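Residue-level structural notes
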Amino acid sequence: MTLLTVLIPIALFLGLLGLGAFIWSLNSGQYEDLDGAAARILEDDED
Amino acid sequence: MTCCGGNIAADGAVGVSASADFSRAEELLHAGRERNDGTVEYVFSAPDIHCGACISSIERAIRPMHGVAYVRVNLSLRRVTVHLDPAVTGPIEVAGALAALGFPARPVDLGDLDELERKRRDSELLKSLAVAGFASANIMLLSVSVWSGAEGATRDLFHLISALIAIPAVFYAGRVFFRSAWGALRNGRVNMDVPISLAISLATGMSLFEALTGGDKTYFEAATMLLFFLLIGRYLDQRMRERVRTAVVQLSRLSAKGANVLTGDGEMRYLPLDEIEPGMTVRVFAGERLPVDGTVENGLSDVDRSLVTGESLPVTAEAGTALEAGAMNLTGVLDIEVTNTADKSFLAEVRAMMEAAENGRGAYVRAADRAARLYAPFVHSLAAIAFVAWMVITGGDWHTSLYIAIALLIITCPCALGLAVPVVHVIGATRLFENGILMKDGAALERLAEADEAVFDKTGTLTTGTPTVIGCAIERPSDIAIARALAASSGHPASRALLTHLDAGATARGTDIAEHPGLGVEGAFSGGRARLGRRAWVAEIAEDMSDSDRSGGLAFAVEGGPLLAVELGEHVRDGAAAAIEALHNAGIGTRIVSGDAAAQVARLADRLGVTEWHADQSPADKIARIEALRAEGKKVLFVGDGINDAPALAAGHVSMAPASGSDVGRTAADFVFTRDSLEAVTAARGIALRAQALVKQNFGLAFAYNVIAVPIAMAGMVTPLVAAIAMSASSIVVVLNSMRLTRGDPAPAANRPARSALAVGTGSMEAAE
C-alpha cells in the first residue's frame, strides 16, 4: 500500500509527460510535413 | 521592385507574355500575412515538388537570397513557406526563383480564414484523441487492479484517482460529440452522437457517484475507451477529407483574380476583380480566360466556350460579340467592354443556381444518422423498461434499478456503429484514390451506391473537349511538311489536332508565318504562299475547287494548288463506350444532356448507344431535366465538367467531374476523377456498392452484438469488465470487417480498351485557320 502511493504518482506523471510531449510536438508543427521529415533525415549537409 | 503595391502593370512592357506576369505580381502582393517580427509570410503552392532532393534544392537556392528570413518546404502539402523582409525582397523575386528552379509556384492566400479554422479543428481532434488515449490507458491500469481483487480503501482510492483522470478527459475529448449532439437536438433531430454523448456522460456521472460513495463498480474506463475508439474514427474521416481538399485545390488553375483594364489614355492597369465596373474596357490576350462578362469592342479572335456553354467548336469573336466570363481567348487580342461586375457575371449566376440546387440535396440523411434515428429511441426505451422492471422486482430499490438502466445504455452505446461507417468510408476513399478518383465526402459514397440513372454532359465529359482529325486530304510529303509548319505556329485546338495527326514527316521552313485571328495561319514557302484555316479564306488562293459544295470545315492549300479538306471530329473519351455499356448492363439508364448543337449530340449518342439525348440545354434546362427525373423517383448520377454543368452537378443525387473540367464544376462535384478514362465512373460505382454492402454488414454485426448484450444488461449481469470486453470486441470486429474493402478488384478491368481513338464526325465545322 505504501509502495502504491509512490508508484501511482510516478506512473501518472510519466503518462502525463508523454501526453504533454505529444501536444507540444503537435503545437510546434512537427506533424505538418511527415513526408518531408522522412526525406530530410537523408540530407547530410544541413546548414 | 518594392512591395508598395504600386502600379506594376504600367511599368512593364505591353505584351502577351508580360501580361501574365502583371497579374501574378499584383496577386502576390495581396497574398502575404504580416508577422510579429516585421517580416511578411508568404506561402506558395508548388505542385511539382515531389522528393527530398526538391526540398534541399529549393531551400538552398532561396535561403541565401537577400531579405529572406526563413524558408521551409512542406513536402506533404507541396508548399513553400517564406518569411520576407518587405523592404528588401518582394514575393515576385521568390516566385521567379522558384520558377527558375523548375517549380512554378502560385501564392496561397493566407487571408483565407477557412484554412486556419480547418487546421485548428484538425489539431483539436488529434489532441482530443491523445488525451482520450492517455486517460483510457491509465484508468484501465487502475481498473485491472480493481478487477483482480483490490478491495476496501485501495479500491476506493483507485476509483477516486480514475475519477480525477476521467472527468477532465471526458470534458476535453468529448467536446466534439457533445457539440454535435447538442446541435442536432436543438434542431429537433437525432444523430449518432446523441446516444454516444448520453452514454458517455451517464457513465461518467454514475461512476463519479459510485466513486464518492465507495461503490464497487465504476465505468470510467468504459467511457474513456469509447471516446478513444470513436475519436480514431473521427480523426481518420477528417484526414481523408483534408487530403482530398488539398488535392482538389491543387487542381485549380492559375486563374487570375483580376484583369488588365485599359484606361482612357490607352494605358493598361491591373485591377482586382471586385474593382472592375461595367463600362470599363478589359484587354484579354490569347491564352487567357475572360475574367468578366462583356461585349467585344475591338479585335478579332477565336474563342473556346466549351467550358461555359458546352459548345465543342470555337466561335469567332469580333466587335459586338457577347462573351461570358470563363471563355478562353485562343488566337488574337480582344478588348472587351465589361457589361457586368464580377459578382453579377454568368459565373456568379451559376454559383447562385448551384447553391439553390444544393439546398435541395440537404435533405439527404447519412446512413449512420438514419440508423441512429431507429437506434436511439429503441435503446432509450429499453433502458426505461429495465428501470421500471427492476423497480418492481427489487421493490423500489432505485439505486440498483438506475444502475442497471445506465449499464444498459453504456453497453449498447453505438461504439461499433460510430466506427462502422467512417472506417468503411476512409478505406473506400483510399481505394478510390488509388484509382485516380477523389471523393469529397463519405456520404457521397452512399449516394453513388443508390444512383439508378446516369446523366452525362457531352463536351469535355463523354468527349475530351479537344478536336481530333478524322479525315485528311493532305497526302503529298511536301504539302504535309508545309501544313506541319503552319499548324505548329498556332495554338488553336484545330491546329494542334492536325499536328498530332501529321506526326511523322519533315517540317518545311517558311517565312512570314502569321496567324490571322478568325481566319487561320498563312506563310510563305518555297512553293509559294500557303494557308491553313477557314475554308472560304483558304479557297481564295487555291486553284482546284473540286469539292466546293461544302462550305465549312478546315482546309489547307498552297497557292495555285488544290484545296485540301481536313475533317475534324470530337475525340471520344477513353472508356466512354465501356462505361456506358457497363451502366446499361447494371440496369442503369443513361442519357446525354448537352449545351451543344443537336447534330453533334445525336452523332455521339448514336455512337455510344445512348437513346435519350437533349441538345441546346442551358444550365437551367439541365437542372430542370434532373428535377424531372427526381420527380419520377430516380436517383440521378450526373457527370459533367463545364461551368454550365455546375448547377446540375450540385442538383444531382450524386455527381462526378473530370479533373480537366472547370474549377466551379470540380467544386460542385462529389467525385473528381484525375485519369482520362471515363471508366472511373464504373470503378467508383463498384467501390461504392462494395462499401455500401460492408456498411450494411457492419450494422448487422452491431445489431447481433446488441441482441446478445441487451439481455445480459437487462438481467443486471453487466460488470465493468464485461462492458470493456464487449465494447472493444465489437469495435474490433467492425473494423476488421471494414478492412475487407481493401481487397478485391473494384471494377471489371478485363475489357478496358487500349487508348481507343474512337471519333465521330461533326460535319460542317466552322473552324478557323
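Residues numbered from 1 in each chain as written. Chains lettered and ligands numbered in written order. Predicted model: local features only at pLDDT ≥ 70, side-chain atom pairs only at ≥ 80, totals over all residues. Heavy atoms only, no water.

1. Looking at the overall build of chain A
Across its full length, chain A holds two helices and zero strands. Within chain A, buried positions represent 19% of all 47 residues. Accessible surface, chain A as shown: approximately 3,400 Å² in total, 70% of it carbon and sulfur. (Helix = DSSP H or I, 4+ residues; strand = E, 2+ residues; numbered from the N terminus. Buried < 20%, exposed > 50% of the residue type's maximum accessible area, 1.4 Å probe, protein only. Areas by Shrake-Rupley, 256 points an atom, 1.4 Å probe, with all protein chains shown as cover.)

2. A look at empty space enclosed by the protein
Residues and elements named next belong to chain B. The full count for this structure, using the stated rule, is four cavities of 30 Å³ or more. What lines the second largest cavity is Y375, T412, C413, P414, C415, A416, L417, A702, Y705, N706 and S730. Elements that contribute at least two residues to the lining of the second largest cavity include exactly α14 (415–434) and α25 (680–714). Grouping the amino acids of the lining of the second largest cavity by side-chain chemistry returns eight nonpolar, three polar and no charged. (1 Å grid on protein atoms, 1.4 Å probe; cavity = no way out; pocket = protein on both sides within 12 Å on 5 of 7 lines; lining within 4 Å. Points joined across faces, edges and corners; volume = space filled by probe spheres on them. Nonpolar A, V, L, I, M, F, W, Y, C, P; charged D, E, K, R; others polar.)

3. Considerations on the sheet that holds strand β8 (residues 281–284) of chain B
All names here are of chain B. In space, the six strands of this open sheet follow the order β7-β6-β8-β14-β9-β12, with antiparallel pairing throughout. Each edge of the open sheet is held by one strand with a lone partner, namely β7 (268–272) and β12 (322–323). The pairing of strand β9 (residues 294–298) with strand β14 (residues 334–338) spans four bridges and is classified as antiparallel. Looking at the pairing, T295 lines up with E337 of β14. (Pairing = 2+ DSSP bridges.)

4. Section: the interface of chain A and chain B
Every contact between the two is made by 22 residues of chain A and, on the other side, 25 residues of chain B. Between chain A and chain B the total buried area reaches about 2,000 Å² when both faces are included, carbon and sulfur atoms providing 65% of it. Connecting chain A to chain B are one salt bridge. Salt-bridge contacts for B:E59 lead to A:R40; the nearest nitrogen and oxygen are separated by 2.9 Å. Of all the secondary-structure elements, those providing two or more residues to the side of chain A that touches chain B are α1 (2–27) and α2 (34–40) of chain A. Looking at side-chain class alone, the side of chain A that touches chain B contains 12 nonpolar, three polar and seven charged residues. (Contact = heavy atoms within 4.5 Å. Buried area = accessible area lost by both parts, 1.4 Å probe. Salt bridge = Lys/Arg side-chain N within 4 Å of Asp/Glu carboxyl O.)

5. Side note on the domain arrangement of chain B
Residue and element names in this part refer to chain B. Taken domain by domain, chain B holds domain 1 (25–108), domain 2 (121–225), domain 3 (256–345), domain 4 (436–464 + 572–685) and domain 5 (467–570). Taken together, the contact pairs nine residues of domain 3 with seven residues of domain 5. Here domain 3 and domain 5 share an interface that buries about 700 Å² over both sides, 64% of which is from carbon and sulfur atoms. Contact with domain 5 buries surface across domain 3, with L300, L330 and T331 losing the most and accounting together for 48% of the total. Summed over the shared surface of domain 3 and domain 5, the result is zero salt bridges. Taken together, the links from domain 3 to domain 5 amount to one residue pair in polar contact (both at pLDDT 80 or more). (Domains from an automatic or database assignment. Polar contact = N/O pair within 3.5 Å; in protein donor to acceptor, adjacent residues only side chain to side chain.)

6. With respect to the pairing of strand β10 (residues 301–304) of chain B
All names here are of chain B. Here β10 shows no split at all, with S301 and V303 on one side and D302 and D304 on the other all buried. Bridge count for β10 against strand β11 (residues 315–317) is three bridges, and the pairing is antiparallel. Paired with V303 across the strands is V315, a residue of β11. Judged from the two bridges that link them, β10 and strand β13 (residues 328–329) form a sheet pairing that is antiparallel.

7. Observations regarding the UniProt feature "transmembrane region" (unreviewed entry) in chain A
Under the feature "transmembrane region" (unreviewed entry), the UniProt entry names residues 6–26 of chain A. Between the end C-alpha atoms of residues 6–26 of chain A there is a gap of 30 Å, over a span that is 100% helix and 0% strand. (UniProt positions renumbered as here; feature names shortened; annotations may be inferred.)

8. Considerations on the side chain of B:S162
Residues and elements named next belong to chain B. Looking at the element boundaries, S162 is found in helix α6 (residues 152–173). The exposure class of S162 is buried, given its relative accessible area of 3%. Excluding residues within four positions of it along the chain, S162 makes contact with I139, L142 and F220.

9. What about the UniProt feature "domain: HMA" (unreviewed entry) in chain B?
Here the UniProt-annotated "domain: HMA" (unreviewed entry) positions come out as residues 40–106 of chain B. Between the C-alpha atoms that bound residues 40–106 of chain B the distance is 16 Å, and the span itself is 31% helix and 30% strand.

10. Looking at the side chain of B:N329
Residues and elements named next belong to chain B. By secondary structure assignment, the location of N329 is in strand β13. Looking at N329, its side chain comes within polar contact range of the side chain of S301, at 2.5 Å. Ignoring sequence-local partners within four residues, the contact set of N329 consists of V284, F285, A286, G287, E288, S301, D302 and L334.

11. A closer look at the pairing of β7(B)
Along any regular strand the residues' side chains alternate between the sheet's two faces. Residues and elements named next belong to chain B. In this sheet, β7 lies alongside strand β6 (residues 258–262) in antiparallel orientation, the contact comprising five bridges. When the bridges of β7 are listed, L262 appears paired with M268. Between the end of β6 and the start of β7, which pair antiparallel, lie five residues, with G266 showing a positive phi angle near 85°.

12. Let's talk about the packing of α6(B) against helix α8 (residues 193–212) of chain B
When two helices pack together, their arrangement is given by the angle between their axes and by how far apart the axes lie. All names here are of chain B. Here α6 crosses α8 at 150°, and the two axes come no closer than 10 Å. Considered as vectors, α6 and α8 are oriented roughly antiparallel to each other. Pair α6 / α8 crosses with left-handed handedness. Of α8, the residues touching α6 (which contributes H159, L160, A163, I167 and V170) are I200, T204, L208, A211 and L212. (Axes fitted to C-alpha atoms, helices over the stretch in contact; angles between N-to-C directions. Parallel < 35°, antiparallel > 145°, perpendicular 65-115°, else oblique. Left-handed = near helix turned anticlockwise from the far one by under 90°.)

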